[in-house]
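Chain by chain, the residues:
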Amino acid sequence: MNKPCLKGLLPVGLAAILVTSCGTPSAPPLQSAQGFNLAQMDEVYLVPVVEARVDRKSKTDVNRIVQKRAAMWLKIRGYKPQLVEDASTIAGITGDDLREAKGEWITRIGPAGARWMMVFAIEELKKQATLGAAANAEMTLTIVDKQAGAVVWRDKTLGQFGMAGPVAGLASLLAPGAAEHDALWVAVDDLVRAKFPKRK
Amino acid sequence: MRLCVPVAIIACAGCASSEKIVQADLGPSATTGAYTKPIVASMHVWVLSPKLVYEDVRNETVLDPAAYRGPEIARMLTDTGLAALRSKGVREVRAVESCSLTAERKSLAELAAAEADRLFLSSPDPQVLQALKKFAGADESSEVLVQYARIKVGPGGFYDPLLTGAVRAGASSVHLSAALIECGTGSVRWQNSVLLRELPKPDSSNFLKALQQLYSTLKFQP
């Protein structure tokens, strides 16, 4: 039901995202293994998003939005993204687990035989009451080298999206998940588009 | 009439906002107290010093707790834990920090408190569990109350509906966690978690409410 309304909002959201992200220097990642270069990855497995939220009441389909957006940027940058649908591969993994550079969870994540795993974790997704629509998406990205059994990259961002005024208020009413959707896009863009170099 | 429509829209949009205090859904056991072993009031509980981690929400940079009245918050957590256990009629409750212990026991308690977050992982750290076991010594049936709070400091909210149309929602929050762990076996007897979407301040009514909610599911058998 939300889809047609959401599509109407997308150009506005996209413009806002482009405006807000233009000229923003990308911060270094939280962690990057010595000798690791993002461009050395070829086939990258996007496992389902790890739910690290305390408040899970939002109906927004975080996994679908994040996987699709990340896959789009990866393709544009010359990587080969593979979507993993099986949620059992991340069962029981918590946000705090992902802070561990070497954990038991690394061995069971993603398909057997695969090497590079991209693990997004959503830590908070909230929509705020304002004179308009505003949302925050707190997200981390962990890249695992499954063959080496180690985390090689860890990054974090706070995706913020907001529009003020009665039009934004109306849009928020018609498409309740639109602000959260766009905040997720901002977060993924910051973690993937802003950091991943183009592969030759 | 013309004004009523946008006002109504804005009001309705506001209805869908997120809650300030959210209790984690830990399944039915969190509210019914249906654990593997009943929690009885005759036990002996040690309250460890809470672990507070202040970090920047955008990049996990560790921040100085003193700048956010961290020591006062830690004191309040300890006091609330002690009060909650005493109000439930637990026979013996003691805060580790206010007891005279042998140097070895003290260092074990400090280790467990410093690594408290590792007890909340999907697989609790065996080294910390081992420290708890050694700390209990002969009294293996004693329990520890572990408290851990990750305080995420983020940019504040603002809005400018007239000039730029920009809106930002505040991004600070605190995730309060508490668990009652049996020292001998390392089994978690009770656990709860509450999210407060603002920076905790000792005089904030929301923070006091969040502390009460944290212990609201703690139930004992007489």
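Residues numbered from 1 in each chain as written. Chains lettered and ligands numbered in written order. Predicted model: local features only at pLDDT ≥ 70, side-chain atom pairs only at ≥ 80, totals over all residues. Heavy atoms only, no water.

A.B. asks: Could you clarify how one ought to interpret the pattern of salt bridges in this entry?
C.D. replies: A side chain of one charge can pair with a side chain of the opposite charge when the charged atoms of the two come close. In the structure shown here, the tally under the stated rule is 34 salt bridges over all chains. A salt bridge links Glu-51 of chain A to Arg-56 of chain A; the shortest N-O distance between them is 4.0 Å. On the basis of relative accessibility, which here comes to 30%, the residue Glu-51 of chain A falls in the partly exposed class. Members of the salt-bridge network, linked through shared partners, are Asp-96, Arg-99 and Arg-154 of chain A together with Glu-55, Glu-60 and Arg-150 of chain B. (Salt bridge = Lys/Arg side-chain N within 4 Å of Asp/Glu carboxyl O. Buried < 20%, exposed > 50% of the residue type's maximum accessible area, 1.4 Å probe, protein only.)

A.B. asks: Just to check I follow, could you spell out the layout of surface pockets for this structure?
C.D. replies: Rolled over the atoms, a probe as big as a water molecule pinpoints where empty space is left. The computed volume of the largest pocket comes to approximately 980 Å³. Going through the elements one at a time, strand S3 (50–51) and strand S5 (116–130) of chain A together with strand S1 (21–23), strand S5 (143–153), strand S8 (173–182) and strand S9 (188–196) of chain B are the ones with two or more residues in the lining of the largest pocket. Within the lining of the largest pocket, the residues separate by chemical class into 16 nonpolar, nine polar and 13 charged. (1 Å grid on protein atoms, 1.4 Å probe; cavity = no way out; pocket = protein on both sides within 12 Å on 5 of 7 lines; lining within 4 Å. Points joined across faces, edges and corners; volume = space filled by probe spheres on them. Helix = DSSP H or I, 4+ residues; strand = E, 2+ residues; numbered from the N terminus. Nonpolar A, V, L, I, M, F, W, Y, C, P; charged D, E, K, R; others polar.)

A.B. asks: How should I be thinking about the environment of Val-128 of chain B in this particular structure?
C.D. replies: Residues and elements named next belong to chain B. Mapped onto the fold, Val-128 is located in helix H5 (residues 126–136). In the structure, Val-128 is positioned 79 residues away from Ser-49 in sequence and 14 Å away in space, judged by C-alpha atoms. Excluding anything up to four places from it in sequence, Val-128 contacts Ala-112, Glu-115, Arg-118 and Leu-119. (Contact = heavy atoms within 4.5 Å.)

A.B. asks: Is there a simple way to explain the packing of helix H3 (residues 70–87) of chain B against helix H6 (residues 205–214) of chain B in this structure?
C.D. replies: Angle between the axes and distance between the axes: these two values describe a pair of packed helices. All names here are of chain B. Here H3 crosses H6 at 35°, and the two axes come no closer than 10 Å. The element H3 and its partner H6 pack so that their crossing is right-handed. In this structure, H3 contributes Ile-73, Met-76, Leu-77 and Thr-80 to the contact, and H6 contributes Phe-207, Leu-208, Leu-211 and Leu-214. Split into classes, the residues belonging to the contact of H3 with H6 amount to seven nonpolar, one polar and no charged. (Axes fitted to C-alpha atoms, helices over the stretch in contact; angles between N-to-C directions. Left-handed = near helix turned anticlockwise from the far one by under 90°.)

A.B. asks: Whenever I open this one, helix H4 (residues 166–174) of chain A confuses me. Can you help?
C.D. replies: The α-helix winds at 3.6 residues per turn, so residues separated by three or four positions along the chain end up facing the same way. Among all positions of H4 of chain A, only Ala-168, Gly-169, Ala-171 and Ser-172 of chain A are buried. End-on, the buried residues of H4 of chain A take up no more than an arc of 160°, which puts them together on one face. (Arc of directions from axis to C-beta.)

A.B. asks: What is the right way to read a nonpolar patch on the surface from this model?
C.D. replies: Taken together, the side chains of Leu-170, Leu-173 and Leu-174 of chain A define a hydrophobic patch exposed on the protein surface, amounting to about 250 Å² of accessible area. Tracing the backbone through its elements, the reader meets Leu-173 of chain A in helix H4. (Patch = residues over 30% accessible without salt bridge, like charges linked within 9 Å, V, L, I, M, F, W, Y side chains within 5 Å. Areas by Shrake-Rupley, 256 points an atom, 1.4 Å probe, with all protein chains shown as cover.)

A.B. asks: Explanation requested: the packing of aromatic side chains in the structure shown.
C.D. replies: Each aromatic ring pair is summarised here by two numbers: the centre-to-centre distance and the angle between the ring planes. Under the defined criterion, the tally for this structure stands at seven aromatic pairs over all chains. Judged by centre distance (5.5 Å) and plane angle (45°), the rings of Phe-36 of chain A and Trp-116 of chain A are tilted. Residue Phe-36 of chain A is located in the loop between strand S1 (31–32) and strand S2 (43–46), and its partner Trp-116 of chain A is located in strand S5; the two are separated by 80 residues in the primary sequence. Relative accessible area serves as the criterion here: at 12%, Phe-36 of chain A is assigned to the buried category. When the centroid spacing of 5.6 Å and the interplanar angle of 20° are considered together, the rings of Trp-190 of chain B and Tyr-215 of chain B count as stacked. You can see Trp-190 of chain B sitting in strand S9 and its partner Tyr-215 of chain B sitting in the segment after H6, a full 25 residues away along the chain. Taken as a pair, Trp-190 of chain B and Tyr-215 of chain B share a single burial class, namely buried. Members of the aromatic cluster, joined through ring pairs, are Phe-36, Trp-116 and Trp-153 of chain A. Positioned above the aromatic ring of Tyr-79 of chain A is the side chain of Arg-199 of chain A, whose terminal nitrogen or guanidinium carbon lies 5.8 Å from the ring centre. Its end group placed over the ring of Phe-135 of chain B, Arg-105 of chain B keeps NZ or CZ at 4.6 Å from the ring centre. (Phe/Tyr/Trp six-rings, centres within 6.5 Å; stacked < 30°, edge-to-face > 60°. Lys NZ or Arg CZ within 6 Å of the ring centre and 35° of its normal.)

No statement about biological role is implied by the geometric values presented.
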